[in-house]
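Chains, contacts and geometry: an overview
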Amino acid sequence: MPLQVAGEILAIKKVGAYQAVTVIAPGIPELTRPGHFLAVQVGGPESSMLLRRAFAIYDVKERGVYGGTVEFVFAVHGKGTAWLASRRPQDKLDVVGPLGKPFRLPKSAVNVTLVGGGYGSAPLLPLARALRERGCRVDVVLGAGSADRLFGFLDAKRMADSIAVTTDDGSTGTRGRVSDVLPGVLDKSRADVVYACGPMAMLRAVADLAAERGIPSQVAVEESMACGIGVCMTCVLPVVGDDGLTRMVRSCVEGPVFLGDRVRWDDVGSVPADAVGAPTTGGRP
Amino acid sequence: MTDMTTRLAGVEFANPVFTASGCAAAGKELDQFFDITLLGGVVTKSIMRAPRSGRATPRMAETPSGMLNSIGLQGPGIASFLDNDLAWLQARGARAVVSIAGGSVEDYATLAKELRGHPAVSMIEVNISCPNVEDRGQVFACDARASSGVVQAVRQNTAVGTPIFAKLSPDVTDIAAIARACVDAGADGLSVINTLLGMVIDTTTMRPALAGITGGLSGPAIRPVAVRCVYQVHAALPHVPILGMGGIRTGLDALEFVLAGASAVSVGTTVFGDPGAPLRILDELEQALAERGIARLSDAVGLAHRPPVERVPEDPDPVGDDPGPGLSDSTSDSPFEDDIEETP
């Protein structure tokens, strides 16, 4: 059950091309599992920006000197994130969380590959920790446009059995995409499960590569949201349910983590004709 | 203690703060943040006869102090709604105002029949801002005859004790005329207003930002339009109860609607950014009434329609010199008859 907390910023720091914010938000850390996200108010109480910004939770501390804290990572994209980047310690920040369905962990000590694109690696790092605690073998693939857009390399290196890095511009690691190196990692580590978070195109490539090998994948999607709590119906995408039917489901409450082979990747952004309640030809608008 | 109870067409509600259709689903999600039974009522997302997928994405664009949406009435259909959503609201003990939507008069009539006599339905809100498939997609709410056809069909299929409120669109030339048509057709009250039709173009892709091209504008950006509409409808039909909505973010915003003539208000888009807002707004409204020495919410309804109070404390005008309502504040040395006041 999520909480709305009038939090206070404890720390804000630049990490490569990104910003990492730690917020004192009592109550949220205890409820958080890897894959959960936060919805953050931007612009203050009188803001003309009404909608919250959603960020995957990176790290939580249940007990700090100032109470429980929650940390998230973001890139400046527009006015809302620019405002967020200009915050300083002790500034107020209203946060709602933890939101969404987290990653489901394997029951036994299996071999796991984690794939992160850009700062999509943020929720994978606490996941890596949880998997290691269960005795899993953890292999990590990180990809980004350039070296400064990689996130969590040192964390991952400390926890992972192996780490592979790709950048589009070749500024570090292998030049190319994560999908170029992933087949080798999956085969070599004899992966049983794949987890991924990052841009939709990357998630699709990861889900497809896993499916080709018969490996289950869990992907945390990034869809544009207005509320983050399940009431606005903005963040939908076509997903196949247990009954085999496709529905337009809310990524904020039914996701953000989905089984990779259940997302209708070809149809993301549209309503497939066979989806439940899809407009029929010549039917109602 | 301010008496916050309100009556909408003979049905009493504990207080005047409701959720808004399409902004609270069926209450379950918001109940995680506050006890929804403390609200006057929960207005559920417009339900249609059949399950509906809604439109393609993107469905939303943030705008200054507002947002544009083109969801396309995604929903589970009336059967699932009754079994799950309404059953949940009933078990929870919340007051449900069920919003219905259709593409034809028959759709609305069928929905009213399905809801008829259901013990959990306190009131029905008729979302007439839907395209009429039998009239080239013309929106019901933009035409007095089409609106009254829908309202009449719902009224005929709804129990006498269940009020029906028609939700008006601001995108009309004369909202009072549509309001009157709805009331003549049997609406017990009016919900004022639905979203305004708007559009955003993405200057990077150089295409409309929404997959649906146009969308409904909501949020504080539309509040002055909504207050104006409530004021005009109340002036035209002073005895018809109004559920007012459009960009309410604070208790003082809610008070504006009450003063304009609303007996209750819906909090909509604000919930997206502040899920706890409805209860906060209720508290703020109660405090605002108390600060103004108003003992009962009902005493404040439509107060803005009073003639202006004369401000002549030092040298009271002799009886008979009163220039009449609307002119008592004018200064005699103004060289112009219709001096336009500048707002600060």
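Cut-offs applied
Residues numbered from 1 in each chain as written. Chains lettered and ligands numbered in written order. Predicted model: local features only at pLDDT ≥ 70, side-chain atom pairs only at ≥ 80, totals over all residues. Helix = DSSP H or I, 4+ residues; strand = E, 2+ residues; numbered from the N terminus. Rg over C-alpha atoms; globule rule 2.2 N^0.38 Å. Buried ≥ 20, exposed ≤ 12 C-beta atoms within 10 Å, placed from the backbone. Contact = placed C-beta atoms within 7 Å. Nonpolar A, V, L, I, M, F, W, Y, C, P; charged D, E, K, R; others polar. Pairing = 2+ DSSP bridges. Axes fitted to C-alpha atoms, helices over the stretch in contact; angles between N-to-C directions. Parallel < 35°, antiparallel > 145°, perpendicular 65-115°, else oblique. Left-handed = near helix turned anticlockwise from the far one by under 90°. Core = buried A, V, L, I, M, F, W, Y, C linked by C-beta atoms within 7 Å.

1. Details of the overall build of chain A
For chain A, the helix and strand inventory stands at six helices and 15 strands. Taken over C-alpha atoms, the radius of gyration comes to 19 Å for chain A, in line with the 19 Å a tight globule of 285 residues would show. Its C-alpha atoms put chain A at 55 × 50 × 40 Å along the principal axes. Classification of the 285 residues of chain A by burial places 52% in the buried group. A fraction of 65% describes how many contacts in chain A between residues 6 or more apart in sequence connect residues 24 or more apart.

2. Observations regarding the interface of chain B and chain A
Reports often express the size of an interface as the amount of accessible area lost when the parts come together. Counting residues at the interface gives 36 residues for chain B, matched by 30 residues for chain A. With three residues, helix α7 (residues 270-273) of chain B is the single largest residue contributor to the side of chain B that touches chain A. For the side of chain B that touches chain A, the residue count by class is 18 nonpolar, 13 polar and five charged.

3. Details of the sheet that holds strand β7 (residues 111-117) of chain A
Residues and elements named next belong to chain A. As summarised here, the arrangement of the seven strands in space is β10-β9-β8-β7-β11-β12-β15, forming an open sheet in which the pairing is mixed. Each of the sheet's edge strands pairs with one partner strand only, and the pair in question is β10 (174-175) and β15 (257-259). As judged from the two bridges shared by strand β9 (residues 162-167) and β10, these two strands associate in the parallel manner. In the sheet register, Thr167 faces β10, and the bridge partner there is Arg175. Contacting β7, β8 (137-144), β9 and β10, helix α5 (residues 178-189) crosses the sheet at an angle of about 170 degrees to β8. Contacts between helix α6 (residues 200-212) and the sheet are confined to β7, β8, β11 (193-197) and β12 (217-220), with β12 contributing the most and set at about 175 degrees to the helix.

4. Focus: the sheet that holds strand β18 (residues 264-267) of chain B
Residues and elements named next belong to chain B. Taken together, the eight strands give an open sheet; going across it, the order is β3-β18-β17-β12-β11-β8-β7-β4, and neighbouring strands pair in parallel fashion. Edge positions in the open sheet fall to β3 (17-19) and β4 (42-43), since each of these has one partner strand only. As judged from the three bridges shared by strand β17 (residues 242-245) and β18, these two strands associate in the parallel manner. Paired with Leu243 across the two strands is Ala264, which belongs to β18. On the sheet, helix α2 (residues 105-115) packs against β7 (96-100) and β8 (121-127) and is oriented at approximately 170 degrees with respect to β8.

5. Here's the deal with the packing of α2(B) against helix α3 (residues 144-156) of chain B
Residues and elements named next belong to chain B. In contact at an axis separation of 8 Å, α2 and α3 are set at 25 degrees when each is read in the N-to-C sense. As summarised for this structure, α2 and α3 are arranged roughly parallel, according to the angle between their axes. Of the two possible hands of crossing, α2 and α3 adopt the one that is right-handed. In this structure, α2 contributes Val105, Tyr108, Ala109 and Ala112 to the contact, and α3 contributes Gly149, Val150, Ala153 and Val154. Partitioning the contact of α2 with α3 into residue classes produces seven nonpolar, one polar and no charged.

6. Re the environment of Arg53(A)
Residues and elements named next belong to chain A. Within the element layout of this structure, Arg53 appears in strand β4 (residues 53-61). Measuring from C-alpha to C-alpha, the distance between Arg53 and Gly68 comes to 21 Å, with 15 residues separating the pair along the chain. Aside from chain neighbours lying at most four places away, what touches Arg53 is Val40, Val42, Gly80 and Thr81.

7. Some thoughts on the nonpolar core
Grouped together as the largest cluster of nonpolar side chains are 194 residues, with contacts concentrated most on Leu38(A), Phe72(A), Val206(A), Val126(B), Leu190(B) and Val230(B). Here this core gets seven residues from one element, more than from any other, and that element is α6(A). Setting aside residues no more than four positions away along its own chain, Val126(B) makes contact with Ile100(B), Tyr108(B), Val150(B), Val151(B), Val154(B), Ile164(B), Phe165(B), Ala166(B) and Lys167(B).

8. A closer look at the pairing of strand β2 (residues 18-24) of chain A
All names here are of chain A. Of all seven residues in β2, five are buried; the element is thus mostly enclosed. Two elements, strand β1 (residues 3-15) and β2, share seven bridges in a ladder whose sense is antiparallel. Note that in β2 the partner of Glu8 across the bridge is Ile24. A loop of two residues connects β1 with β2, the two strands running antiparallel in sequence, and Gly16 in this loop sits at a positive phi of about 60 degrees.

9. Concerning unusual backbone geometry
Here the amide bond leading from Gly255(A) into Pro256(A) is cis, since omega sits at 5 degrees, within 30 degrees of zero. Along the chain, Pro256(A) turns up in the loop between β14 (246-250) and β15. Following Thr57(B), the chain continues to Pro58(B) via a peptide bond in cis, the omega torsion being 0 degrees. In this structure, Gln90(A) takes a positive phi of about 80 degrees despite not being glycine. Within the secondary structure, Gln90(A) sits in the loop between α2 (79-85) and β6 (92-99).

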